[in-house]
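The primary structure of each chain is shown beneath.
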4 protein chains.
Amino acid sequence: MTVTDPTATATTTGNPPPDVIRSGYAELIVTDLAASRWFYVDLLGLIVTAEDDDAIYLRAFEEYLHHSLVLRRGDMPALGRLAYRVRGQDQVDAAERYFRGIGVDTRRVPAGATRGIGEAVRITDPLGFPVEFFYDAEHTERFTQRYDLHHGNAITRLDHFNVMVPDVKAAHRYYTGLGFGVSETIIDDEDNVYAAWLYRKQTVHDVALTGGDGPRLHHIAFATAERHQILHTCDVLGALHKEHHIERGPGRHGVSNAFYLYLRDPDGHRIEIYTTDYYTGDPDNPTVEWSVDDDRRRSFWGHAVVPSWYTDGSRVHDLDGRVVPLSAPAVREAERTGVIVGADGFAIATEGDQKIPFKLGEQV
Amino acid sequence: MTVTDPTATATTTGNPPPDVIRSGYAELIVTDLAASRWFYVDLLGLIVTAEDDDAIYLRAFEEYLHHSLVLRRGDMPALGRLAYRVRGQDQVDAAERYFRGIGVDTRRVPAGATRGIGEAVRITDPLGFPVEFFYDAEHTERFTQRYDLHHGNAITRLDHFNVMVPDVKAAHRYYTGLGFGVSETIIDDEDNVYAAWLYRKQTVHDVALTGGDGPRLHHIAFATAERHQILHTCDVLGALHKEHHIERGPGRHGVSNAFYLYLRDPDGHRIEIYTTDYYTGDPDNPTVEWSVDDDRRRSFWGHAVVPSWYTDGSRVHDLDGRVVPLSAPAVREAERTGVIVGADGFAIATEGDQKIPFKLGEQV
Amino acid sequence: MTVTDPTATATTTGNPPPDVIRSGYAELIVTDLAASRWFYVDLLGLIVTAEDDDAIYLRAFEEYLHHSLVLRRGDMPALGRLAYRVRGQDQVDAAERYFRGIGVDTRRVPAGATRGIGEAVRITDPLGFPVEFFYDAEHTERFTQRYDLHHGNAITRLDHFNVMVPDVKAAHRYYTGLGFGVSETIIDDEDNVYAAWLYRKQTVHDVALTGGDGPRLHHIAFATAERHQILHTCDVLGALHKEHHIERGPGRHGVSNAFYLYLRDPDGHRIEIYTTDYYTGDPDNPTVEWSVDDDRRRSFWGHAVVPSWYTDGSRVHDLDGRVVPLSAPAVREAERTGVIVGADGFAIATEGDQKIPFKLGEQV
Amino acid sequence: MTVTDPTATATTTGNPPPDVIRSGYAELIVTDLAASRWFYVDLLGLIVTAEDDDAIYLRAFEEYLHHSLVLRRGDMPALGRLAYRVRGQDQVDAAERYFRGIGVDTRRVPAGATRGIGEAVRITDPLGFPVEFFYDAEHTERFTQRYDLHHGNAITRLDHFNVMVPDVKAAHRYYTGLGFGVSETIIDDEDNVYAAWLYRKQTVHDVALTGGDGPRLHHIAFATAERHQILHTCDVLGALHKEHHIERGPGRHGVSNAFYLYLRDPDGHRIEIYTTDYYTGDPDNPTVEWSVDDDRRRSFWGHAVVPSWYTDGSRVHDLDGRVVPLSAPAVREAERTGVIVGADGFAIATEGDQKIPFKLGEQV
């Protein structure tokens, strides 16, 4: 997959990027709707706005649009679509113009192509992901104060998408070209970018970019109000003897300062539950640059990370529902010196054929 | 004080309002800097960016501008200034043009007129409040992750101002004219507006308007990450036998859904500590309308409110440091029918000379 | 009601008091089982061990005995019985001997007289309360780790009873005679005791004694693990617009240091939800003596208290199900000097016919 | 080290065991008092009751005895002493009689042998540990409500000791002989006991026994009121870039249901911070038996455990300050079948020379 540099092109064509508000919803292809319903509804407590034989449409307690997550039945687990909300229906048109201007095929879909969503524009973005830009959406009841329906682990809203890309720097250019701000990065002394966090709404991110074979979805993150709600999800999983759904955490990220938990759904899709990052709404919001050598970037508490968190991700569909092939990162200088650099810039020293874990060593 | 209708005027003059980002800082006139320092630094844990014989400049843990609160020594307690941050230095000019266009005197002050703040424009706004619009400001270290310095009740950032005005409807027009969105209101069946919450940043409010003799400052609110931090402030005050600084709360507001605590500082200025409201950043964010008859609007838990919370407020200075005279609300229909309507629309039934508290009755 | 001094008598008769372990269960007479079921099961989340047309048997998440609360249908709300668990079946016999020895009628009831409870001894105690001493009880599953069933406000166990008595000092003698330790008291300079907290298990109390017309039940208290669980109960009540069930709190008691919430059930019985008191298990555990003049004793945060919390209580049944008549406290010196002393020693100054609330004044 | 069976002997000699109340204090030998002071006072917030050139005497916020932890300067890190409090000074005598009766050397030390502690009896217990039995101790101010001094991670009290012994079953007999109750165990189908939790006070334990080379101290545990306080300790360590002091957690134990964090102090002594276990005070409190095959016993959330948590422990001194030699566990059946059973019964499968971690695999 060749990554176009959309910034340069956009400047040339003169079409401004659409005014994206925020990450809006994701569609996951799942193989067993009943199993997924247990995970997302019974366990995580997301609210069912609508469901039929093929799909379940879910929202969180502070959301008033039709859904922020669609679970669609399919043969193989995959990401079906990431959707960004733009500031108005005219910005759907602006998206169409912008992407055509930079040489990206666009596909206009009518209202209802996704239940609850108005007329929208879809692309396979230059990074290989199926992405939709929409504004119109059905409103539904906001359950902010329906505490009678909150579980002990109530989720408030979708927070962000995290995607795996072979070339973080190019992906960074693509998203800043789309008008995203950069809240945090992981870099080294030689100007390599290992990961980046970018936002439109006034939080740390709407999308995070991490290095690896791509395009793949690393995770979708939902926010909760306080940390005890995240801890409760862990306790419920232990009680049900389904603690294997916990992949990583709970812990504190250095990057973003958020308190996190990573779960794997029944199809292996990774879901983050996330709380308390910080306000980024001022135009001079400083970008936090983490050194790839500061181990606190990934765990502020120095926790070891299970390798699957680095290696696994969900494959993605193109607009016709075919799995998009993967590209590997280019060979890096680092590898020649015995260091493999992965997802958020983690390092493994190698001695001959033997990998030596960077920190803490093996776990039992 | 006659309130101009700035919306109409702005349309006439054709000057768009400045692009306000958010509530930026407040300056409080205090009579005893040492006593105030105890309250804001020792008790609440705000960080001292700078201080001299006349003033203390404070910020919260997630703020990187020079300050969000100035305590300035004076003879009488008062609000010295509310300051909104605009999107760039050109928007300071836009503010000047806009207010001149609607017939409001403006005063340009040089960089450093307030320590740490660049060239700015000040007005006495149509509601009688001393207000500054600024962009340039010194950056300082953001202490988001300086947990070693966090107290048990760490405050993250300034959240909003709450002002008392005799005519909420006119104030509402003024602020929507300035481009503020309306998140919540308290109304009745006859189109009266008792209180309104308005925002620029993506939270429930940057400014709240409540009815009463004005112009007065009702309170300044700071945010914290979780509720236990608010509870800890109460415990510390009890431990020091200074619990009389607690005026109201902790509790849950119906309006905004936030968890709150109201304190009175040594001069009687009211400070709210506040957590977990909700995201308002989408253009179609629904306005929540509370009936003045739903007692949960002020306390979602049905708590009685101490009368001082309704009656007391800080007087405000004009741009020359003189106390601005008060205006009372116009006589309302309600009062003729034996109901006095106050700050956030609370009601007291009267029988002859005898006030009958609306709910819960006297407290001991 | 004449209160015998049981300490002296016990010494005379030579029968040691039974070895009480802790407050064990209470039986409340309720007028509408369905309404009570909503309150205790749906709202508070207590677990139903058994139920039939006449009664519901409830336990909390960390309890393995059959029940800690019985709701029994009756014509009028009342306390049916307080039950203390003793260290073994032989201590049921010891209770019988002890009470006979001090001139108290005892009634032996067979296993199953209360469903799930073994052979026991019942008395109307010298303070006028129906009290049972039991050991044998059916075991059931302890749900400590059934987090899948925990609500956001999971209750862990029964904590204590609080009774209203006309003569606190005499009641204090009675319970210390029974071997209870005294953790905290409210006193004045003249050796008056306004309230006392007494324990057998290693917490602040199994029973609290507060002054007022008696015998009445002030409240039954259940423990929860953390404060956010108490806050969640408030939020759920607000969501259901049943916030009138909240009588007082949440807040921090000076006495016991516990974080509290007082609710009124559909019959007006008062239930406290309570967390984080302290360990009292050492024999030299110091008794904390609060001055009746320290307003923090009742609210460490200086909160006003709604008068009903002082004035209301549940009437109690005798062993034959008849309502026990009330006695008023003796006239106190205090009242002659214009101070009325109530439940936990609160004071109201009087001027002629006019009561002047001690603190904070009226609430609206 | 041959372990006597003290139960049988005690029966023979007819001396009842002393009435132990609870784990009382520990003395740790540390090599750098200043470094230890940073860890225990500055980081964990323990209160200094007294200090001199040789030792620091510390207590937690709800403790009123002189200390619960002594840090004593020495050449090599070690456990200096575990101390249990007994119910009265006569029980110190009872301890002397009991241990002499079962053939254990006792040493009576005068008041002040440990600063703040009265006349006491010391032994090297049959498991090889230096243990003191004391009652008299100086009282000091209980800081329960000194919230002004609480850090964000206030510790309330010492909770328990955890010791490593080669023969858990024998150690279990020794402690039940001393009158300890058993709250939880880890066992297998063949009646092997891998670990046991025993108590005198009404919590899950005063002492825990885990298998391994011994006698060694696995950890000392302190309690805190709520989980957020434990999380704050992690955040402070991250902020100071001293996150390497975190060895394991935070997490939820299956055994005891407690929320835990394990730290290593500057000398490598392991400290647990611990909250919310459950009441065990009734005589029929059920013993929870965990299968060694249920991975949730050690982490209810299925977390991997860093090997050091299993392999490392503090050596112990005898009564003359000499390091006690280690004994290894007897060869177990398990090892012959390729499974090594360690501390709390964890299992590692082996293939030839290659260890295969039981779960989750290597961490990075």
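Residues numbered from 1 in each chain as written. Chains lettered and ligands numbered in written order. Predicted model: local features only at pLDDT ≥ 70, side-chain atom pairs only at ≥ 80, totals over all residues. Heavy atoms only, no water.

**Considerations on the overall build of chain A**
And step 1. Tallying secondary structure elements over chain A gives 7 helices and 21 strands in all.
And step 2. When burial is assessed residue by residue, chain A has 65% of its 364 residues classed as buried.
And step 3. Relative to all contacts within chain A whose residues are 6 or more apart in sequence, the contacts with residues 24 or more apart total 68%.
And step 4. Accessible surface, chain A: about 12100 Å² in total, of which carbon and sulfur atoms supply 48%. (Helix = DSSP H or I, 4+ residues; strand = E, 2+ residues; numbered from the N terminus. Buried < 20%, exposed > 50% of the residue type's maximum accessible area, 1.4 Å probe, protein only. Contact = heavy atoms within 4.5 Å. Areas by Shrake-Rupley, 256 points an atom, 1.4 Å probe, with all protein chains shown as cover.)

**A few points about the sheet that holds strand 8 (residues 130-134) of chain D**
Residue and element names in this part refer to chain D.
And step 1. Across the sheet, which stays open at both edges, the 8 strands sit in the order 2-3-4-1-5-8-7-6 with mixed pairing between neighbours. With partners counted over all chains shown, the strands left at the sheet margins are strand 2 (47-51) and strand 6 (106-109), one partner each. When strand polarity is set aside, the average angle formed by the axes of neighbouring strands in this sheet is 25 degrees.
And step 2. The pairing of strand 3 (residues 55-59) with strand 4 (residues 69-73) spans 4 bridges and is classified as antiparallel. Counterpart to Leu-58 in the pairing with strand 4 is Leu-69. (Pairing = 2+ DSSP bridges. Axes fitted to C-alpha atoms, helices over the stretch in contact; angles between N-to-C directions.)

**Structural notes on the packing of aromatic side chains**
Pairs of aromatic rings are described using the distance from one ring centre to the other and the angle between the two planes.
And step 1. Scanning the entire structure with this criterion turns up 64 aromatic pairs over all chains.
And step 2. Between Tyr-98 of chain C and Phe-99 of chain C the ring centres are 5.1 Å apart and the planes differ by 80 degrees, which places this aromatic pair in the edge-to-face class.
And step 3. Ring centres of Trp-309 of chain D and Tyr-310 of chain D lie 5.2 Å apart, and the angle between their planes is 90 degrees; this geometry places the pair in the edge-to-face category. The burial state of Trp-309 of chain D is the same as that of Tyr-310 of chain D; both residues are buried. (Phe/Tyr/Trp six-rings, centres within 6.5 Å; stacked < 30°, edge-to-face > 60°.)

**Quick notes on the confidence of the model for chain A**
Residues and elements named next belong to chain A.
And step 1. In the predicted model, chain A carries a mean pLDDT of 90, and the fraction of residues at 70 or more is 87%.
And step 2. For the stretch residues 345-352, pLDDT sits under 50, and the model shows 27 contacts to residues farther than four places along the chain or on other chains.
And step 3. In this model, residues 355-364 is a region of pLDDT below 50 whose contacts with residues beyond four sequence positions or in other chains number 45 contacts. (pLDDT = per-residue confidence, 0-100.)

**Description of the sheet that holds strand 8 (residues 130-134) of chain C**
As a general point, the strands of a sheet are linked pairwise by backbone hydrogen bonds and lie either parallel or antiparallel.
All names here are of chain C.
And step 1. The 8 strands lie next to each other as 2-3-4-1-5-8-7-6, forming an open sheet whose pairing is mixed. At either end of the open sheet lies a strand with only one pairing partner, and these are strand 2 (47-51) and strand 6 (106-109). Ignoring which end each strand starts from, the neighbouring axes of this sheet average 25 degrees apart.
And step 2. Helix 3 (residues 89-101) contacts strand 5 (78-86), strand 6, strand 7 (120-124) and strand 8 of the sheet and is inclined by roughly 160 degrees relative to strand 6.

**Side note on the pairing of strand 7 (residues 120-124) of chain D**
Residue and element names in this part refer to chain D.
And step 1. The buried count for strand 7 comes to 4 of 5 residues, which makes it a mostly enclosed element.
And step 2. Taken together, the 4 bridges between strand 6 and strand 7 define a ladder with antiparallel strand orientation. Bridge pairing in strand 7 links Arg-107 to Arg-122.
And step 3. Pairing of strand 7 with strand 8 involves 4 bridges; the strand directions are antiparallel. Pairing of Val-121 across the sheet is with Phe-133, part of strand 8.
And step 4. Count of turn residues in the strand 7/strand 8 antiparallel hairpin: 5 residues, of which Gly-128 carries a positive phi of about 100 degrees.

**So, the packing of helix 5 (residues 227-239) of chain A against helix 5 (residues 227-239) of chain D**
And step 1. Helix 5 of chain D packs onto helix 5 of chain A with a crossing angle of 105 degrees between their chain directions and a minimal axis gap of 11 Å. Classified by the angle their axes make, helix 5 of chain A and helix 5 of chain D are roughly perpendicular. Note on element contacts: helix 5 of chain D touches helix 5 of chain A through Arg-227, His-228, Leu-231 and Asp-235 of chain D, opposite Arg-227, His-228, Leu-231 and Asp-235 of chain A.
And step 2. Looking at the contact of helix 5 of chain A with helix 5 of chain D residue by residue, the class counts come to 2 nonpolar, 2 polar and 4 charged. (Parallel < 35°, antiparallel > 145°, perpendicular 65-115°, else oblique. Nonpolar A, V, L, I, M, F, W, Y, C, P; charged D, E, K, R; others polar.)

**A few points about the environment of Tyr-98 of chain D**
And step 1. Structurally, Tyr-98 of chain D is set in helix 3 (residues 89-101).
And step 2. The spacing of Tyr-98 of chain D and Leu-178 of chain D is 80 residues in sequence and 9.2 Å in space, taken between C-alpha atoms.

**Observations regarding helix 4 (residues 168-177) of chain A**
All names here are of chain A.
And step 1. For helix 4, the set of buried residues is Val-168, Ala-170, Ala-171, Tyr-174, Tyr-175 and Gly-177.
And step 2. Sitting at the head of helix 4, Asp-167 places a side-chain oxygen 3.2 Å from the backbone nitrogen of Lys-169.
And step 3. One or two residues past the end of helix 4 sits Gly-179, with phi positive at roughly 95 degrees. (Polar contact = N/O pair within 3.5 Å; in protein donor to acceptor, adjacent residues only side chain to side chain.)

**Here we look at the environment of Leu-43 of chain D**
All names here are of chain D.
And step 1. Structurally, Leu-43 is set in helix 2 (residues 33-43).
And step 2. A relative accessible area of 3% means that Leu-43 is categorised as buried.
And step 3. In this structure the C-alpha to C-alpha distance between Leu-43 and His-151, which are 108 residues apart in sequence, comes to 9.0 Å.
And step 4. Sequence-distant contacts of Leu-43, that is, excluding residues within four places in its chain, are made with Trp-38, Asn-153, Val-236 and Leu-237.

**Some points on unusual backbone geometry**
And step 1. Omega for the peptide link from Gly-214 of chain A to Pro-215 of chain A comes to 5 degrees, which places this bond in the cis form.
And step 2. Assignment of secondary structure puts Pro-215 of chain A in the loop between strand 12 (207-211) and strand 13 (216-224).
And step 3. The residue Asp-191 of chain D is not glycine, and still its phi comes out positive at about 75 degrees.
And step 4. With respect to the helices and strands, Asp-191 of chain D occurs in the loop between strand 10 (181-187) and strand 11 (193-199).

**So, the side chain of Gln-91 of chain B**
All names here are of chain B.
And step 1. One can find Gln-91 in helix 3 (residues 89-101).
And step 2. Judged by relative accessible area, Gln-91 falls into the buried class, the value being 16%.
And step 3. Side-chain polar atoms of Gln-91 contact the side chain of Asp-90, separated by 3.2 Å.
And step 4. If sequence neighbours within four positions are ignored, Gln-91 has contacts with Pro-17, Pro-18, Asp-19 and Val-86.

**Quick word on the pattern of salt bridges**
All names here are of chain B.
And step 1. Under the defined criterion, the tally for this structure stands at 131 salt bridges over all chains.
And step 2. One salt bridge connects Asp-19 with Arg-200, and the closest N-O pair in it is separated by 2.7 Å. Taken together, the positions of Asp-19 in the loop between helix 1 (6-13) and strand 1 (20-30) and Arg-200 in the loop between strand 11 (193-199) and strand 12 (207-211) put the pair 181 residues apart, joining distant regions of the chain.
And step 3. For Arg-200, a relative accessible area of 27% puts it in the partly exposed group. (Salt bridge = Lys/Arg side-chain N within 4 Å of Asp/Glu carboxyl O.)

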